[in-house]
Every structure is written in C-alpha cells, then in structure tokens.
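Architecture at a glance
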Amino acid sequence: MNLYDTPSEAATAAVDEAIMSRRSMRAFLPTPVPRETVEAILRVASRAPSGTNTQPWQVHVLTGAALRRLTDRIAAIYEDPLELASHEQEYDYYPKEWASPYLDRRRKVGWDLYGLLGIAKGDKARMHDQHGRNYRFFDAPVGLIFSIDRRMQLGSWLDYGMFLENIMVAARARGLHTCPQAAFTQFHRVIAEELAFEPGQMLVCGMALGHADPEALENSLVTERAPLTEFVRFLEE
Ligand SMILES: Cc1cc2nc3c(=O)[nH]c(=O)nc-3n(C[C@H](O)[C@H](O)[C@H](O)COP(=O)(O)O)c2cc1C
C-alpha cells in the first residue's frame, strides 16, 4: 500500500478482521508453527512504536523440549501447595482493591469461562485445574515469554503493550491465535532461572501461540466491550 493513498476497502476489512477476530484462546491443537512464521510475526510486531525508539522488548520463544522443561517445572510447583505458596508475583498487574466497573467485568469473564466449561461456583479443584492449564500454554506448540530490562520505566511498559498487541494481530493475519498470559508472573524466579535470563531482565508475561482448537468449548467465549458512550468524550467547543 502506498503510504499516502486511501486504503482499499479490502485492506481496511483485512486489518479490522485481524483485530476483531483476536480472542484469547485457551485450547490449542498440536499442529506446529514453523520457526519462519514466528520470526515473521515478531519482525512485523517489532514495528511497534516505542518512546525514543527504545524497543524495550526481549522475547524468549519456547518450543519442543525447552517448552516442556519449563512447563513441567512450573506444573510440578503448581501442584505442590506448600511450594506454590512461596511463589509470588514480582509486580502487581491488578489493583490491590477492586472497584466497579472493573470488578464486575472481571467476575463476568471468569464466570462466563467457567460456565462454558461446566465448572460450578465453589468447585475449587476444577478451577485450580483450569487455571493450571495456563502453565502448559494451553497446549500451544509455541510458548512466548517476554522480559524487559528492569531499569526501564512505566513508559516502556506502554510500548510493550503495543508490541504484544502487534504480535497477536500479526498472528491472526496468519491464521494463528494467541492468549496473553500474566499467570506466568507468579513464577518469575523459576522462569528467569530456567531460561537463563540476562542479569537485570524482568518477566513481563507469557503468551500461547498456535492453531486454536475449534472444538474446545473454552474457545467459544466471546467477551463483551463497553460501548463508546462509556469511555469516550468528544470535546468540540
Ligand atoms: C496482559 C494480559 C495478560 C493476560 N493474562 C491472562 C492469563 O494469564 N490467563 C488467561 O487465561 N487469560 C489472560 N488474559 C486474557 C484476558 O482475560 C482477555 O484478554 C480478556 O478477558 C478479554 O478477552 P479477549 O482477549 O478474548 O478479547 C490476559 C490478557 C492480557 C492483555
């Protein structure tokens, strides 16, 4: 596309489709994703803007035995309550005190997911198992782990979000799906050790990447969005 031309309708539709068809998928097929595809996605994603072009992202791409080693290690900890209690998130993703409307939205997505899977409120064992699927990257053949130099500040985390979204959209353009995963932050110490992070690198999150399982009930979850009237103000005069 010429940079200054009006895009064709097909180009607009393709971009919108890639964005609108992105959903967090929580069950993947074993179908492998070629390394060249992962590289193409990351190359495109790295066109994300960043303050003064700092490009604060570091990506650790896990497949095969390396993926299994990490997931086995975390899964073993996850199933050991004593050991699990000694692992804490390095940074707060969520507010310490939840308030409306965020709490309501959070509850809704949780119950909608568990409802689809037939997990009753209070069924702690099944909730534990479902949450634990995070640590297998929901069986995706590619697990991405993202880290950042811990000297970087809040602005770089903003940049990071754009990079992550680019990955998810570029994956859609290639028929692939993703699930961004903050769940990994609880195991930042294990991950930094297992993946031999360079000193000073800090875990941001993980992401499952692969072909979504179209038969899996959890993948039929479609989350809501607030209408524009709830979050947009036009100031014209
Ligand atoms: C940074 C980030 C971390 C997330 N972490 C998790 C996670 O650990 N496990 C999970 O199942 N979903 C995770 N999600 C997915 C959200 O629950 C999901 O984006 C939200 O409910 C909206 O649904 P959608 O992605 O299908 O549009 C995460 C999303 C983001 C952006």
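Basis of the calculations
Residues numbered from 1 in each chain as written. Predicted model: local features only at pLDDT ≥ 70, side-chain atom pairs only at ≥ 80, totals over all residues. Heavy atoms only, no water. Helix = DSSP H or I, 4+ residues; strand = E, 2+ residues; numbered from the N terminus. Rg over C-alpha atoms; globule rule 2.2 N^0.38 Å. Buried < 20%, exposed > 50% of the residue type's maximum accessible area, 1.4 Å probe, protein only. Contact = heavy atoms within 4.5 Å. Areas by Shrake-Rupley, 256 points an atom, 1.4 Å probe, with all protein chains shown as cover. Patch = residues over 30% accessible without salt bridge, like charges linked within 9 Å, V, L, I, M, F, W, Y side chains within 5 Å. Salt bridge = Lys/Arg side-chain N within 4 Å of Asp/Glu carboxyl O. Axes fitted to C-alpha atoms, helices over the stretch in contact; angles between N-to-C directions. Parallel < 35°, antiparallel > 145°, perpendicular 65-115°, else oblique. Left-handed = near helix turned anticlockwise from the far one by under 90°. Nonpolar A, V, L, I, M, F, W, Y, C, P; charged D, E, K, R; others polar. Near = heavy atom within 4 Å. Polar contact = N/O pair within 3.5 Å; in protein donor to acceptor, adjacent residues only side chain to side chain. Pairing = 2+ DSSP bridges.

A short note on the overall build of the protein
- In terms of helices and strands, the protein carries 9 helices and 4 strands.
- Helices and strands appear in the protein in the N-to-C order α-α-β-α-α-α-α-β-α-β-α-β-α.
- Relative to the globule expectation of 18 Å for 237 residues, the C-alpha radius of gyration of the protein, 19 Å, shows essentially globular dimensions.
- By its C-alpha atoms, the protein is 60 × 40 × 40 Å across when sized along the principal axes.
- For the protein, buried positions account for 39% of its 237 residues.
- Pairs at least 24 apart in sequence give 83% of the contacts found in the protein among residues at least 6 apart.
- Just so you have it, the protein exposes about 14,800 Å², and 54% of that area is on carbon and sulfur atoms.

Considerations on a nonpolar patch on the surface
- On the surface, L228, F231, V232 and F234 cluster together into a nonpolar patch covering about 460 Å² of accessible area.
- As for its placement among the helices and strands, L228 is situated in helix α9 (residues 228-231).

Brief notes about the packing of helix α2 (residues 35-45) against helix α7 (residues 154-173)
- Between α2 and α7, the shortest axis-to-axis distance is 8 Å and the interhelical angle comes to 135°. The pairing of α2 with α7 is recorded here as oblique in orientation. The element α2 and its partner α7 pack so that their crossing is right-handed. Contact with α2, carried on its side by I41, L42, V44 and A45, involves F163, N166, I167, A170 and A171 of α7 and no other residues of that element.
- Class assignment of the residues belonging to the contact of α2 with α7 gives a composition of 8 nonpolar, 1 polar and no charged.

Some points on the site of the ligand
- Close to the ligand lie 15 residues; S24, R26, A182, A183 and R225 are nearest.
- Contact between the ligand and S24: an oxygen atom at 2.6 Å from a side-chain N or O atom of the residue.
- One of the backbone nitrogen or oxygen atoms of P180 is found 3.2 Å away from a nitrogen atom of the ligand.
- Relative to its unbound accessible surface of 620 Å², the ligand loses 75% to contact with the protein.
- It is strand β3 (residues 177-181) that contributes the most residues to the shell around the ligand, 3 residues altogether.

What about the environment of T63?
- Tracing the sequence through the fold places T63 in the loop between β1 (58-62) and α3 (64-78).
- Residue classification places T63 among the partly exposed positions, given a relative accessible area of 39%.
- In this structure the C-alpha to C-alpha distance between T63 and A140, which are 77 residues apart in sequence, comes to 9.1 Å.
- Apart from residues no more than four positions distant in its own chain, T63 is found in contact with P141 and V142.

Brief notes about the pattern of salt bridges
- Following the criterion strictly, the structure yields 12 salt bridges and no others.
- Here E193 ties to R73 by a salt bridge, and the two come within 2.7 Å at their closest N and O atoms. In this pair, E193 sits in helix α8 (residues 188-194) while R73 sits in helix α3, placing the two residues 120 residues apart along the sequence.
- Residue E193 is classed as exposed on the basis of its relative accessible area, which comes to 56%.
- Its salt-bridge partner being E224, residue K108 comes within 3.9 Å of it at the nearest N-O pair. One end of the pair, K108, is in helix α5 (residues 102-116); the other, E224, is in the loop between β4 (201-210) and α9, and 116 residues separate them in sequence.
- The network of salt bridges with shared partners includes R69, R73, E193 and E194.

Things to note about the sheet that holds β1
- Across the sheet, 4 strands lie side by side as β1-β2-β4-β3; this open sheet has antiparallel pairing. The open sheet terminates on both sides in strands that have one partner only, identified here as β1 and β3. With direction set aside, neighbouring strand axes in the sheet form an average angle of 25°.
- Of the pairings in the sheet, the one linking strand β2 (residues 142-149) to β4 comprises 8 bridges and is antiparallel in character. In the sheet register, I145 faces β4, and the bridge partner there is G206.
- This element, α2, spans β1, β2 and β4 of the sheet and lies at about 165° to β1.

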